[in-house]
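Fold and contact review
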Amino acid sequence: MNPIIIENLYKTYGKVTAVNGVNLEVRPSEIFGLIGPDGAGKTTIIRIIVSLLNPDRGQVLFKGTPIAGNMSFVRTQVGYMPQRFSLYQDLTVEENLDFFGDLFNVPKNIQVNRKNNLYEFSRLGPFKSRRAGALSGGMKQKLALSCMLMHEPDVIVLDEPTFGVDPVSRSEFWEILKSLAKKGASILVTTAYMDEAALCDRVAFIFNGRILGMDSPDKLVSQIRDSIYLVNSDAPHLLFDRVSKSGKFKGCELFGDGVHLTDSDEAGIETIKDILNTMAVSYHKIKKIDPGLEDVFLKLMNENSL
Amino acid sequence: MNLILLSIIKKEFHHILRDPQTLTIIIFMPVMMLFLFGYAITLEMKQIETAIIDEAKSNESRAFIEQLMATDFFRITSADVKSNQIETIFKERKARCALIIPYDFSSALQRNKKVKIQLLVDASDPNAANFINNYVNQLNLKFNLKNNADVFIPFSFEPVMLYNPDLKSYYFFVPGLIAVILLLISALLTSIAIVREKERGTMEQILVSPVSPIQIIIGKTLPYTALGFLDSIIILLFGCLWFGVPLNGPVLLLGFSLILYIITGLSFGLLVSTISKTQQVAMLAALLATILPTIMLSGFIFPVASMPLIFQYLSLIVPATHFLEIIRGIMLKGIGLKELYIQLGYLFILTAFLIALSIKKFSRNLEG
């Protein structure tokens, strides 16, 4: 049975619809990524799953049990890591771990073992008497994860766990998530980083409270059959502006590394160069690239807004 | 169940002990307030600024003035004032009362004729004016008795002051201050206890756990009760040793009442905390809602019995009303449980009500 099943979920705040008919399932021992920009509705969905918010419509089944009316069941079973760092900054690493062990009624003798294991895999052991507030961003997130693992939940829900964390710590953090999934934990994680989406077993793209697409990263990427070209320029904004207004390409998106053009007619690189030249835009390089998840997301977003 | 409660208590103690600023405030603020209030609020009057208009300028009038100056009550700030300057002196607040000794003072005394000394009092502070008037009347009586011992007085009152024979206002105010300060401190302590966790996001984390509202509320109350009790002992020691207020009644009952009263304050703070959104709002609400009713409605200064009926009923839900009767009763009158069980009962009911309400109002999710 799938540990988390979300059926037809709706949630509004006043006039704003935060979640607009979401259906998704997290399968056993997979890492499921909920990917979307800020304000897409990720946090609302997560909070509904852990019973901190009530949905307007629809339901969530947690290990087969509806959340509504079974708050204690969910809260005892789930491992939840909120978006903001939510540990006690004036407690030490060890005191935080002890606190969460006690909070979940883990017997003291078991706590000792778990703490040692957690120190080992989070590499927080040498810092155990340091106050949580004095840890670096990456270590804080690892501590938050460790605290949440004190009661060894097999369903884990993390809301943007790597937000604002340096790249090295991020990849370390994902290594830990992978090993947890390998041991059998089912993990639902939200992120706004596309490179992290690629690390999930399956992802769902969410925008404006709606799921745009859901599949494994590979299958999502294979949705894009058209060739994608990367154009580098000194003035990418100008280039993007002119090209997208011209309507000559099916897709034209501004990325961090340049402008991605979708060549749906298979016109070829020379034709594209010609088109660009007629628009009098300057660029220094153009090359064909493999599409990424971000291309898929933007494509889905454009299709949906039409 | 016990492990969870214990973990919250332990955590709260860590918070308290690791915050030296708050700890300092908790220990020094009550002492400071006791001294400030203790010396500032006093109904005893001394050193009243007095102007003297001596129109007689005789040996007798000078002797009379000398006598006045010998008391601690009057302090002569202006002597030899012309009668047309009196008003200016009052307006410039150089004197609160003026004595006008008439030109025929000596001759009248010698001829055994009645002589009138005029007393002008600045009654813009009616309490002080009354006080001065009474004092001068007493002086008058004494002076006349001494000089005319053979005058027959049909009857007189013989007052005996019980429980506070010297009528020291400390005796009245120090127990009252304990009531005000303790309630204020304990309400402040917990008023931010839950909002702070909401603001810092830690509440979101611990809500998703087996913890129940009762455990959070109790777990947060107990450590602060210990702290509040420490505070009350400090204040009590200062009250008894420094201000010399007696402690005539059962100490154990006083201790018990203190703890009960502290929990009342703490649970009020918690209630504020559960319904406030920010720490500032919570602190302000706790401050206003404790200080005002405690000072105005509890009998701290103004006797409850002389309030309008509606305020008398209102004073019943002010915890300090009951606690004042308990603490003044125990410390000054030396009474015990037999005389105070009704007040203790009131306090108990108020506390139970506040705690139940905060548990009920405690939001288990992030809605609203």
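Residues numbered from 1 in each chain as written. Chains lettered and ligands numbered in written order. Predicted model: local features only at pLDDT ≥ 70, side-chain atom pairs only at ≥ 80, totals over all residues. Heavy atoms only, no water.

Right, let's talk about a nonpolar patch on the surface for a bit. Residue and element names in this part refer to chain B. Together, L309, I310, F311, Y313, L314, L316, I317, L337, Y341, I342 and Y346 make up an exposed nonpolar region whose accessible area comes to about 1,100 Å². Going through the elements one at a time, helix 13 (309-315) and helix 15 (337-361) are the ones with two or more residues in the nonpolar patch. Ranked by residues supplied to the nonpolar patch, first place goes to helix 13 with 5 residues. Mapped onto the secondary structure, L309 falls in helix 13. (Patch = residues over 30% accessible without salt bridge, like charges linked within 9 Å, V, L, I, M, F, W, Y side chains within 5 Å. Areas by Shrake-Rupley, 256 points an atom, 1.4 Å probe, with all protein chains shown as cover. Salt bridge = Lys/Arg side-chain N within 4 Å of Asp/Glu carboxyl O. Helix = DSSP H or I, 4+ residues; strand = E, 2+ residues; numbered from the N terminus.)

Here we take up the interface of chain B and chain A. Chain B puts 28 residues into the contact, and the matching count from chain A is 32 residues. Summed over both partners, the interface of chain B with chain A buries about 2,800 Å², with 56% contributed by carbon and sulfur atoms. For chain B, the biggest contributors to the area lost against chain A are B:R18, B:Q205 and B:V208; these three give 24% of the whole. Our count for the chain B to chain A interface comes out at 3 salt bridges. Here B:R18 makes a salt bridge to A:E95, at a shortest N to O gap of 2.7 Å. (Contact = heavy atoms within 4.5 Å. Buried area = accessible area lost by both parts, 1.4 Å probe.)

Residues and elements named next belong to chain B. Read across the open sheet, the 4 strands follow the order 2-1-3-4; overall the sheet is mixed. Bordering the open sheet on either side are strand 2 (74-78) and strand 4 (118-121), each of which pairs with just one other strand. Sheet twist, expressed as the mean angle between neighbouring strand axes with direction ignored, is 30°. In the sheet, strand 1 (residues 48-54) pairs with strand 2 via 4 bridges, with the strands oriented parallel. Bridge assignment links I48 to a residue of strand 2, and that residue is F74. (Pairing = 2+ DSSP bridges. Axes fitted to C-alpha atoms, helices over the stretch in contact; angles between N-to-C directions.)

Moving on, we get to the domain arrangement of chain A. Split into domains, chain A comes out as domain 1 (4-216) and domain 2 (227-290). The straight-line distance from the C-alpha centre of domain 1 of chain A to that of domain 2 of chain A is 39 Å. (Domains from an automatic or database assignment.)

What the domain assignment lists for chain B is domain 1 (3-41 + 168-367) and domain 2 (48-147). Centre-to-centre, using C-alpha coordinates, domain 1 of chain B lies 49 Å away from domain 2 of chain B.

So, on to the sheet that holds strand 2 (residues 16-26) of chain A. Sheets are built from strands paired through backbone hydrogen bonds, the pairs being either parallel or antiparallel. All names here are of chain A. The 4 strands lie next to each other as 2-1-4-5, forming an open sheet whose pairing is antiparallel. Either end of the sheet is taken by a strand with one partner, and the two such strands are strand 2 and strand 5 (65-66). In this sheet, strand 4 (residues 57-62) lies alongside strand 1 (residues 4-13) in antiparallel orientation, the contact comprising 5 bridges. Bridge pairing in strand 4 places E7 opposite Q59. Seen against the sheet, helix 1 (residues 42-49) touches strand 1, strand 2 and strand 4 and runs at an angle of roughly 120° to strand 1.

Our focus in this paragraph is the pattern of salt bridges. Residues and elements named next belong to chain A. A full pass over the atoms with the stated rule returns 25 salt bridges over all chains. Of the charged contacts in the structure, one is a salt bridge between K63 and D154, with a shortest N-O distance of 2.8 Å. Of this pair, K63 sits in the loop between strand 4 and strand 5 while D154 sits in the loop between helix 5 (137-149) and strand 7 (155-159), and the two are 91 residues apart along the sequence. The class of K63 is partly exposed, set by a relative accessible area of 23%. Under the relative-accessibility criterion, D154 is labelled partly exposed at 39%. One salt bridge connects R114 with E152, and the closest N-O pair in it is separated by 3.4 Å. Of the two residues, R114 is situated in helix 4 (residues 108-122) and E152 in the loop between helix 5 and strand 7; the sequence distance between them amounts to 38 residues. Under the relative-accessibility criterion, R114 is labelled buried at 17%. (Buried < 20%, exposed > 50% of the residue type's maximum accessible area, 1.4 Å probe, protein only.)

All names here are of chain A. Relative orientation of the contacting elements helix 3 (residues 93-103) and helix 5 amounts to 30°, with a least axis distance of 8 Å. Taken as axis vectors, helix 3 and helix 5 run roughly parallel relative to one another. The hand of the helix 3/helix 5 crossing is right-handed. Side by side, helix 3 and helix 5 meet where V93, N96, L97 and F100 of the first sit next to L143, S146 and C147 of the second. Across the contact of helix 3 with helix 5, the residue classes tally to 5 nonpolar, 2 polar and no charged. (Parallel < 35°, antiparallel > 145°, perpendicular 65-115°, else oblique. Left-handed = near helix turned anticlockwise from the far one by under 90°. Nonpolar A, V, L, I, M, F, W, Y, C, P; charged D, E, K, R; others polar.)

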